[in-house]
Each structure stands twice: as structure tokens, then as C-alpha cells.
Amino acid sequence: MIRARIIGSGICLPANIVTNDELAKKVDTSDAWIRERTGIHQRYIALPGEKTSDLAVGAAREALIDAGIDAGELDMIICATTTPDETFPATATIVQSRLGMAHGAAFDVQAVCSGFIYGLSVADSLIRTGAARTILLIGAETMSRLLDWNDRTTCVLFGDGAGAVVLQAHEGRGDNADQGVLNTRLFSDGRLHDMLYTTGGVSSTQTAGVLKMQGKEVFKHAVTNIAAAITASAEAAHVALDQIDWFVPHQANQRILDGTARRLGIDPAKVVSTVALHGNTSAASVPLALVTAVRDGRIKRGDLVLLEAMGGGFTWGAALVRW
Ligand code: UT7
């Protein structure tokens with residue numbers, strides 16, 4: 001059975017760090033409120049002119065070096081983003097050109113904060129069906145461009161960044177001992193649009209709009225939906241939750257991470273959290289957390305890792321990966 005194995009990974013963050021105290025000089029908030037309600041200490045914000053594709057290319061280059069391949073060996077590039085450089089073409093094609101790749105295919109996936117999980121599911125399917133052998137998957141965002149900087153209920157939560165992985169076909173036995181993606185589970189419910197959306201778009205206002213969120217409602221759904229996605233992925237692989245070595249969640253709020261772990265009886269020490277450092281970076285948050293835990297030695301070859309996310313739409317999902 002063909003499995004999509006992760007053979008390299010990389011990240012890219014803007015140089016500009018914005019602390020809670022700096023934000024408190026611009027909006028009516030405080031370091032204490034942000035830390036206590038979200039766990040966020042700081043976020044990275046792209047400088048003027050710094051685009052999603054710049055961060056995506058930075059993460060992609062690192063992932064290619066880590067994988068020990070060059071762009072010529074890629075068959076496809078998938079970029080999960082909700083903040084593309086331009087309405088079209090896809091940011092993935094801009095990355096393709098900047099990596100000097102003139103073959104294969106490149107396209108974007110839009111599932112907001114669940115984008116990386118959706119992209120992983122697409123990449124896994126393309127590899128397992130033989131349509132592609134090697135795929136670069138990127139989650140990249142400049143969420144700072146979508147924020148209303150006068151709205152303290154949202155502007156303190158988000159940040160910019162990118163993470164990338166290289167997936168490659170490899171022959172497995174078809175059981176849980178295989179290295180690579182073991183399964184993915186995707187969900188959405190478009191009826192919940194009004195809880196998290198932007199006030200604009202090409203066909204409605206001809207502007208990008210700004211992010212609006214009913215935070216409390218999103219919070220409640222996040223814990224329920226993420227717990228359900230984790231359970232669905234683990235059950236599909238006939239794996240008990242205590243057999244999973246690491247949980248790598250979307251980084252929206254430390255209280256969501258804690259609430260989900262509590263609900264499912266997961267040991268909090270197995271939950272990777274980078275929300276303090278990065279804030280909510282939407283589609284970049286899962287790969288940023290994943291790569292952080294790989295680099296600091298927590299996630300090791302052979303570990304069973306469960307990735308999960310939820311975002312606007314609502315969309316949510318999970319992926320079980322043998323690292
Ligand atoms: O990535 C997609 C998924 N997104 C999420 O998962 C986000 C989910 N939601 C959340 O993380 C939380 O709901 C928030 C962090 C957004 C808000 O936390 P909360 O504990 O639900 O606070 P709240 O909205 O109930 O607000 C409590 C109080 C309010 O004041 P009153 O009405 O009690 O006087 C707010 O006006 O906190 C006030 N508040 C703030 N105060 C200082 C809201 N934002 C701020 C702020 N600084 N930045």
C-alpha cells in the first residue's frame with residue numbers, strides 16, 4: 001500500500017515580533033487579559049510589503065533542504081491559505097515560480113484554520129492514488145492583513161507565519177506501523193458561517209473585508225468539533241487515544257487546547273502548544289507547531305502524531321500520522 005511519508009519540514013516567521021504590551025498601546029487591552037483568556041504572549045506580524053508568498057517560500061525552502069531534495073523533484077505544490085497575495089493566481093503558483101519549478105501543478109486550498117489538514121488530506125489522496133509521488137504542502141498566512149485593528153476582540157488573537165512539509169510516496173504494509181499519513185477526516189458545516197467570516201469578498205464587496213468572530217460561540221464549537229475529529233481519526237485506525245504520542249492542535253487559544261484534552265482524557269503533556277509564541281496563524285498554525293515539536297526533539301521518528309484543526313465555515317478535521 002502506498003503511504004504519504006513526511007520527509008522534510010520547514011517554517012518561516014516574519015522578523016517583526018509584537019508583544020501584548022505593544023498591542024495594549026494601540027487598543028484597549030492588557031497583557032494580563034490576553035495571557036489569561038488565550039495563552040498568547042506575542043505574535044509575529046509581517047512588515048509592510050511582506051507577503052504570504054514570501055513566508056511560504058521561506059518555509060518551502062527549509063522543507064526542501066530538510067528533505068534533501070530540490071524543487072525539480074516535486075510533482076505538486078499545495079498551499080493552504082486564506083490570505084493569498086492576489087485573488088488569483090493561486091499563491092502556490094507564485095511559490096512554484098519562485099522555487100524555479102516549471103513543471104507539475106500548483107494550487108491553493110481554502111479551509112481557513114483547517115487548511116493544512118484539508119491540504120494534507122488532498123496530498124495524501126493524490127499520493128496514494130499514484131497521481132503524484134512528491135508533494136510540497138504549505139500552510140501560509142498573513143492574517144494581520146484581514147484584521148480590524150480597532151477591534152480588540154479579534155486583533156489580539158492572530159499572527160502571521162508559514163510552515164511546510166514535503167510528502168513522498170513510500171511502500172507500506174497497510175497497517176498502523178507504516179510511516180506516513182494513516183488517515184485523515186474532514187468535516188464542515190456551512191450553516192455556522194456567521195460565527196466566523198470576513199465582511200467582504202470579490203463577488204460581494206470587491207474588497208477583502210475584515211475578520212469578524214463570535215468568540216464565545218466559536219470556542220464552544222471548537223472544543224466539541226475538535227474532540228469529535230480526534231475521536232473519528234483514532235477510531236478509523238483502531239487506535240486508543242492513549243496510544244497516540246503527540247497531539248498537534250490548531251493554535252487558537254490555550255483554553256481550547258486544555259478543554260479538548262480534558263474532555264477526551266488526554267494527558268496535557270502530550271499536547272503541543274505554541275500559541276504563546278505565534279498566536280493564531282490560521283492554516284500555518286498546525287505546521288508551525290508540528291515543526292517546533294520536531295525540532296525541539298519531542299516528536300521523533302516512529303511516533304504516532306494526531307494533527308487537528310477547526311476554522312471558519314465551519315471546517316474542521318484531523319489527521320493521524322506515523323512520524
Ligand atoms: O481559529 C478559529 C478558531 N477561533 C477560535 O477558536 C477563537 C475562539 N474564541 C476564543 O478564543 C475566546 O472566546 C476569545 C479569546 C475570543 C474571548 O475570550 P472569552 O473568555 O470568550 O471572552 P468574552 O468574549 O466573553 O469577553 C469577556 C470580556 C468582555 O467584557 P465584558 O462584556 O465582560 O465587560 C469583553 O469585552 O472581555 C472583554 N474583552 C477584552 N478585554 C480586554 C474582549 N476582548 C478583550 C481584549 N482585552 N482584547
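This write-up is about the structure you can find in this document. All values derive from a computational prediction rather than experimental measurement.

## Some details on the sheet that holds strand E5 (residues 105-109)
In step 1: Sheet architecture is open: five strands sit in the order E1-E7-E6-E4-E5, paired in mixed fashion. Looking along the sheet, the strands with just one partner apiece sit at the ends: strand E1 (2-12) and E5. With strand direction ignored, the average angle separating the axes of adjacent strands in the sheet is 20 degrees.
In step 2: As paired elements, strand E4 (residues 76-80) and strand E6 (residues 134-142) share five bridges and run parallel to each other. Of the residues in E6, the one forming a bridge with Ile78 is Leu137.
In step 3: Contacts between helix H4 (residues 91-98) and the sheet are confined to E4, E5 and E6, with E5 contributing the most and set at about 145 degrees to the helix.

## Digging into the side chain of Asn280
In step 1: Summarising the element assignment, Asn280 is placed in the loop between helix H9 (275-278) and helix H10 (285-295).
In step 2: Side-chain polar atoms of Asn280 contact the side chain of His250, separated by 3.3 Å.
In step 3: Reaching out from Asn280, the side chain makes a polar contact with the backbone nitrogen of Ser282 at a distance of 2.9 Å.
In step 4: Not counting chain neighbours up to four residues away, the residues in contact with Asn280 comprise Cys113, Met143, Leu157, Phe158, Gly159, His250, Gln251 and Ala252.

## Remarks on the sheet that holds strand E8 (residues 180-188)
In sheet architecture, strand pairing relies on hydrogen bonds along the backbone and comes in two forms, parallel and antiparallel.
In step 1: The four strands lie next to each other as E8-E13-E12-E11, forming an open sheet whose pairing is mixed. Unpaired on one side and paired on the other, E8 and strand E11 (246-249) mark the two borders of the sheet. Recorded for the sheet is a direction-independent mean angle of 15 degrees between the axes of neighbouring strands.
In step 2: Here four bridges tie E11 to strand E12 (residues 304-311), and the two strands are oriented parallel to one another. Of the residues in E12, the one forming a bridge with Pro249 is Glu308.
In step 3: Packing of helix H7 (residues 215-236) onto the sheet brings it into contact with E8, E11, E12 and strand E13 (315-322), and relative to E12 it is tilted by some 145 degrees.

Rules of the game
Residues numbered from 1 in each chain as written. Predicted model: local features only at pLDDT ≥ 70, side-chain atom pairs only at ≥ 80, totals over all residues. Heavy atoms only, no water. Pairing = 2+ DSSP bridges. Helix = DSSP H or I, 4+ residues; strand = E, 2+ residues; numbered from the N terminus. Axes fitted to C-alpha atoms, helices over the stretch in contact; angles between N-to-C directions. Contact = heavy atoms within 4.5 Å. Polar contact = N/O pair within 3.5 Å; in protein donor to acceptor, adjacent residues only side chain to side chain.

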